[in-house]
Amino acid sequence: MSATALDLQPYASLDDRDCDKRIIKAKQALGNRVVILGHHYQRDEVFKHADYSGDSLKLSREAANSEAEYIVFCGVHFMAEVADIISRPDQISIIPDLSAGCAMADMANLEQVERAWAELSSVLDADECITPVTYINSAADLKSFCGSHGGIVCTSTNAQKILDWSFSRREKVLFFPDQHLGRNTGVKMGIPLEDMVIWDYDQPMGGLETEQIRQAKMILWKGFCSVHQMFKPEHIENFKREVPDGKVISHPEASYEVCQLSDYVGSTEYIIKTITDSEPGSHWLVGTELNLVNRLHQTLAKDNKTVQFMSPMVCMCSTMFRVDPQHLAWVLENLVAGHVVNQVSVAEDVANNARTALQRMLEI
Ligand code: 13P
Ligand code: SF4
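As a starting point, this report considers the structure included with it. (Residues numbered from 1 in each chain as written. Chains lettered and ligands numbered in written order. Predicted model: local features only at pLDDT ≥ 70, side-chain atom pairs only at ≥ 80, totals over all residues. Heavy atoms only, no water.)

Some remarks on the overall build of the chain
So, step 1. Scanning the chain from N- to C-terminus turns up 16 helices and 13 strands.
So, step 2. Rg of the C-alpha trace for the chain: 21 Å, near the compact-globule value of 21 Å for 364 residues, within the 12% margin.
So, step 3. Dimensions of the chain along its principal axes, counting C-alpha atoms only, are 65 × 55 × 35 Å.
So, step 4. Partitioning the intrachain contacts of the chain with sequence separation of at least 6 by distance along the chain shows that 68% fall at a separation of at least 24.
So, step 5. When the accessible surface of the chain is totalled, it reaches about 15400 Å², and 49% of it is carbon and sulfur.
So, step 6. Seen as two clouds, the 33 positive and the 50 negative side-chain charges of the chain have centres 5 Å apart. (Helix = DSSP H or I, 4+ residues; strand = E, 2+ residues; numbered from the N terminus. Rg over C-alpha atoms; globule rule 2.2 N^0.38 Å. Contact = heavy atoms within 4.5 Å. Areas by Shrake-Rupley, 256 points an atom, 1.4 Å probe, with all protein chains shown as cover. Lys, Arg positive; Asp, Glu negative; His and termini not counted. Charge placed at Lys NZ, Arg CZ, Asp CG, Glu CD.)

Let's talk about the site of ligand 1
So, step 1. The environment of ligand 1 is made up of His39, Tyr41, Asp55, Ser56, Tyr135, Asn137, Ser156, His228, His251, Glu253, Ser267 and Thr268.
So, step 2. Residue histidine 39 places a side-chain N or O atom 2.7 Å away from an oxygen atom belonging to ligand 1.
So, step 3. For ligand 1, an oxygen atom lies 3.0 Å from a polar atom in the side chain of asparagine 137.
So, step 4. Relative to its free-state accessible area of 300 Å², ligand 1 is covered by the protein chains to the extent of 95%.
So, step 5. Residue composition of the shell around ligand 1, grouped by class: two nonpolar, eight polar and two charged. (Near = heavy atom within 4 Å. Polar contact = N/O pair within 3.5 Å; in protein donor to acceptor, adjacent residues only side chain to side chain. Nonpolar A, V, L, I, M, F, W, Y, C, P; charged D, E, K, R; others polar.)

Observations concerning helix H11 (residues 233-242)
Residues lying three or four places apart along an α-helix face the same way, a consequence of the helix completing one turn every 3.6 residues.
So, step 1. His235, Ile236 and Phe239 are the residues of H11 that are buried. Around the axis of H11, the buried residues are gathered within 95 degrees of arc, so they sit on the same side.
So, step 2. The elements touched by buried residues of H11 are strand S10 (247-250), helix H12 (256-261), strand S12 (283-287) and strand S13 (306-309). (Buried < 20%, exposed > 50% of the residue type's maximum accessible area, 1.4 Å probe, protein only. Arc of directions from axis to C-beta.)

Describing the pairing of strand S7 (residues 172-176)
So, step 1. Most of S7 sits inside the fold, with five of its five residues counted as buried.
So, step 2. Here S7 shows no split at all, with Lys172, Leu174 and Phe176 on one side and Val173 and Phe175 on the other all buried.
So, step 3. The pairing of strand S5 (residues 130-135) with S7 spans five bridges and is parallel. Looking at S7, one finds that valine 133 is bridged to phenylalanine 175. (Pairing = 2+ DSSP bridges.)

Some remarks on the packing of helix H4 (residues 77-86) against helix H16 (residues 348-363)
So, step 1. At a closest axis distance of 9 Å, the pairing of H4 and H16 adopts a crossing angle of 95 degrees. Taken together, the axis directions place H4 and H16 in an arrangement best described as roughly perpendicular. Contacts between H4 and H16 involve Val82, Ile85 and Ile86 on the former and, on the latter, Ala351, Ala354, Arg355, Leu358 and Leu362.
So, step 2. For the contact of H4 with H16, the per-class residue count stands at seven nonpolar, no polar and one charged. (Axes fitted to C-alpha atoms, helices over the stretch in contact; angles between N-to-C directions. Parallel < 35°, antiparallel > 145°, perpendicular 65-115°, else oblique.)

Considerations on the site of ligand 2
So, step 1. Neighbouring ligand 2 are Tyr41, Val76, Cys102, Ala103, Met104, Asn137, Cys225, Glu253 and Cys317.
So, step 2. Of the residues that constitute the shell around ligand 2, the class distribution is seven nonpolar, one polar and one charged.

A word on the packing of helix H5 (residues 110-121) against helix H7 (residues 140-148)
So, step 1. Where H5 meets H7, the closest approach of the two axes is 9 Å, and the angle between their N-to-C directions is 30 degrees. Relative to H7, the element H5 is oriented roughly parallel. Counted together, Leu110, Val113, Glu114 and Trp117 of H5 and Asp141, Leu142 and Phe145 of H7 form the full contact between these two elements.
So, step 2. Tallied by class, the residues present in the contact of H5 with H7 amount to five nonpolar, no polar and two charged.

Structure below.
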């Protein structure tokens, strides 16, 4: 064991092929002491080293079931936090680059949510009437807020079931941070658009009148994912003109208009399954992150399927992209040398209530 942790700096100049060899060697040395989880948006050079890949829900379950001492999460920060919260106390959650955050998750913080709750409580009895629901793309303290206010976490896979659960308990939902997932799921459940209001966290009372709050069924936080907001209805209209029998599939973080024009809407795992199970020779327009779409395009070319990215612009999750083979080699070789670097650890008081909200979700 080396006395101090290995420095990151020399890894920056390694080429991807050298990293590859070193990652494989370090994984072999660690054996089943380590598990690598890879989100679908991860770049190929990292994704190929994952023991398990999946969407947020699937990877949360993998983290909860894992026996490994070290969970190396190739994704973004909130995912590694979830792994820390739901794994055993002796397991260690690690993210190769601590700056790999989620820009949408950063659009809601605890101070803003607590202020919103206090302002809503000045209009109605919030604890009686409102279930707070946080998308898993959020910081641990927001999950903790939901856990301690009778609320719950959802992912893009289970949002409808979670909203059913929430409405069976209280008449309204405060949904944060992604307005689009909230709106698209609400519409799918038959909730009229006029029963949903936007909570603008930069304005007093969310920019709403008292009567609007009283009337609303869903109060949607004004957050969004800039990657998914790049997709526009005209991209679909152009595609439909050019490929009339082509199919369109989008992630529910895309806008209402895009989801309405799409043939299918669902999580990354759903998108992969739907296209993989489709007829050979089919042509798809896909509204989600570029790394995933490129991977589908390459792997399904053998079935003569065409998988096309929705936007003419490049829409990559730039924060997920920060996890590169150089950082992965660095964290793994440190583990081999007996050092934990880039541990993601959630304070126990926050983790306890966050776990409550996550477990409510995992039980549904
Ligand atoms: P999934 O749960 O569908 O993988 O989505 C996570 C995400 O961050 C999408 O932007
Ligand atoms: Fe967050 Fe958007 Fe990246 Fe998903 S794609 S992790 S929502 S920034």
